[in-house]
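Fold and contact review
Given next are the chains, with one letter for each unit.
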Amino acid sequence: MAHALIGDLVATSRLTIYLLRDVQEPDDAIGSGKSPSIAPLDPASNISGKFYFTSRPATAPAWATYVNPILSTPLSTVFSSSASGLLILKSGGRFFAFTFGYGRGFLDPTKIEHQFGLRVALNRIDASQIRSMDTKTFEDMVVTRSTQASKSTDLPTFGLDVSRDILRAVTGEPRNTKMAKRLSGSDALVISSDLPPKDLPSLCVELLAAFKESTYKTDFAWIDHLALISDKTTIDALDFLVEQQLVVGDTSNSHMAMPEVIDWADVDAFTIGGTRKEEYDDLDLDDYLVRLGSATADITISRLKGRHVSVRFSRSSDFDSRWTVYQCLITEQRLKSKLHVLIEGRWFAVSDSLVSQVDDFANGLPRSTTGLISSFVGEVEAEYNDRLAQSAPQDLLLLDAKIKRPGGAASGIELCDVLASTGEFIHVKRKSRSSTLSHLFAQGTISATTFLGDGFFRDEIRKMIVSDTNEPETTAWLELVPEANAKVERAKYSASFVVIANSTKSGTDWLPFFSKLNLMQNGKQLINLGFRVSISRVDAQ
């Protein structure tokens, strides 16, 4: 939105600001294949830079074309158009970009300083005056969450888990409102300002100083659990590891995910560069490598950065190029014993303290006390659970898919897949590259919490036991599930997580780091409830 002059006053404008890197002159920041028009800056402005713009002629919107066939008189005067602007200026020894309309599309994404807006916002925002936070949790899948408060409030209100939630964007009120009344930061910083354009260079100097501060550590030090890697040598070494794995079809450490939030209800299909115009229902790395066939041998990081991932929305017949394959890769790699993760095309180093905490917890868990059996290759979880229960019918009770509804609940909960006479709630999951273990660990916490706190739920389980078992086993199983008003002896129970996965790795290293982190979070909750917790892996033979 441009400034509107009213006498000597300047109307408040919404400014979207990026800090650029590896730029020697404004044209260096323009993306390949982009050719916007250029409007020279007035020398009297004393601003060093360039202004780029483009406008599209007015056309009939897609919705008008859609409804015309049912109208007695087709719409002939309904048109829409768009204009985009980009101001690149130099201040404080760095280049900054101010985008207007769709001006961001002119920029080369590799020239944008990541987390500039986030750092500025965190260094300036009052931690008790936050309005919204966008987080991502990276596991075997990406969970994106945007949380807004009806009024400015403090950090605990947003329910963040500071050990595993990655902060992507924040909006709040600054401690000093001279710069702006509200700041929103991610890669870009968004502010509302009444500064005239000639004062933008001085604003940039102030923003650069705020970017370099470490004030955020007072209230937001936890964001350093993931440190952005900028060293080219380290990045090249990590990229090489990924490249070598994908060339041979090894996806044990990697998968694909959309790097931004998109409404799935609006997604029709994807295309991925390198496989011509083949359509995908989802972004699946294994599927992609299969379709590449022998061309997997030619995979390079350079090619992955040049191959585009496009989306066709249900409202359009065209594919919209959104990201590169590289930006959609999620992978974990260890380099010189340090854990690194690739997220949205950026490498992060996971803090050693967090890695140590997670590994110590996971490796400290015992295995199940139940005599587990191996799975058959291709066997689905339901078949495995049935065979496991039949392997010791007097000691194991099959509860897989026996969904019972807690009192007043709209949906049901599964107590566990198999109940052991020792009080083990056994939860089973086959680890595949297209599924996540987060549901497995969450299931353990939810079922234990419901079992302890909801007598109606326990009575429903008891009814099922009576109908599905025979004496004397019925009485024995009922002793494990107290009636609604009876006391629950928590020490009798344990949550046992069983994962079907082939691996030669020792300890719990067969679990991806973020899965282990999720296990730790749920495991601690279970332990606080009085449950014992175990983690076991069984082979598929």
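My aim in this report is to walk through the structure given alongside it, one point at a time.

Criteria and cut-off values
- Residues numbered from 1 in each chain as written.
- Predicted model: local features only at pLDDT ≥ 70, side-chain atom pairs only at ≥ 80, totals over all residues.
- Heavy atoms only, no water.
- Helix = DSSP H or I, 4+ residues; strand = E, 2+ residues; numbered from the N terminus.
- Buried < 20%, exposed > 50% of the residue type's maximum accessible area, 1.4 Å probe, protein only.
- Contact = heavy atoms within 4.5 Å.
- Pairing = 2+ DSSP bridges.
- Axes fitted to C-alpha atoms, helices over the stretch in contact; angles between N-to-C directions.
- Phe/Tyr/Trp six-rings, centres within 6.5 Å; stacked < 30°, edge-to-face > 60°.
- Lys NZ or Arg CZ within 6 Å of the ring centre and 35° of its normal.
- Expected span 1.5 Å × (residues − 1).

**Digging into unusual backbone geometry**
Residues glutamate 471 and proline 472 are joined by a peptide bond in cis, for which omega reads 5°. Positionally, proline 472 belongs in the loop between helix H12 (455–468) and helix H13 (473–480). Its identity is not glycine, yet asparagine 46 carries a phi of approximately 60°, on the positive side. Position of asparagine 46 relative to the elements: it lies in the loop between strand S4 (37–39) and strand S5 (49–55).

**With respect to the environment of glycine 523**
With respect to the helices, strands and loops of the structure, glycine 523 is situated in helix H14 (residues 513–528). With relative accessibility at 0%, the residue glycine 523 sits in the buried group. In this structure, the C-alpha to C-alpha distance between glycine 523 and alanine 362, residues 161 residues apart in sequence, is 9.0 Å. The contact partners of glycine 523, leaving out residues within four places of it in the chain, are Phe361 and Val533.

**Re the sheet that holds strand S17 (residues 308–313)**
Read from one edge of the open sheet, four strands run S16-S15-S17-S18, paired in antiparallel fashion. The open sheet has two edge strands with one neighbour each: strand S16 (279–280) and strand S18 (319–324). Bridge count between strand S15 (residues 267–272) and S16: two bridges; the pairing is antiparallel. Note that in S16 the partner of phenylalanine 270 across the bridge is tyrosine 280.

**Describing the environment of glycine 507**
Topologically, glycine 507 is positioned in the loop between strand S27 (494–500) and H14. With 148 residues separating them along the chain, glycine 507 and aspartate 359 place their C-alpha atoms 9.2 Å apart.

**Remarks on the sheet that holds strand S28 (residues 532–538)**
Taken in spatial order, the five strands line up as S22-S25-S26-S27-S28 in an open sheet, and their pairing is mixed. The two strands at the open ends of the sheet, each matched to only one other strand, are strand S22 (396–398) and S28. Averaged over neighbouring strand pairs, the angle between their axes works out to 25° when direction is ignored. Across the sheet, helix H11 (residues 438–453) is in contact with strand S26 (424–430), S27 and S28; its angle to S26 comes to roughly 155°.

**Concerning the packing of aromatic side chains**
Under the counting rule described, the total for this entry stands at nine aromatic pairs. Taking 5.2 Å as the distance between ring centres and 85° as the angle between the ring planes, the aromatic pair formed by phenylalanine 425 and phenylalanine 451 counts as edge-to-face. Pair noted here: phenylalanine 425 is in strand S26 and phenylalanine 451 is in helix H11, with a separation of 26 residues, a long-range link. Its relative accessible area of 2% is what places phenylalanine 425 among the buried residues. Among the aromatic residues, ring-to-ring pairing joins Phe425, Phe451, Tyr493 and Phe531 into one connected group. The lysine or arginine in question, arginine 291, covers the ring of tyrosine 280, its NZ or CZ lying 3.9 Å from the ring centre.

**Quick notes on helix H3 (residues 200–212)**
Its 13 residues give H3 an end-to-end C-alpha distance of 19 Å, which sits within 8% of 18 Å, the value for a rise of 1.5 Å per residue. Buried within H3 are the following residues: Leu200, Pro201, Leu203, Cys204, Leu207, Leu208, Ala210 and Phe211.

Take it as geometry only, folks, not as evidence of what the structure does.
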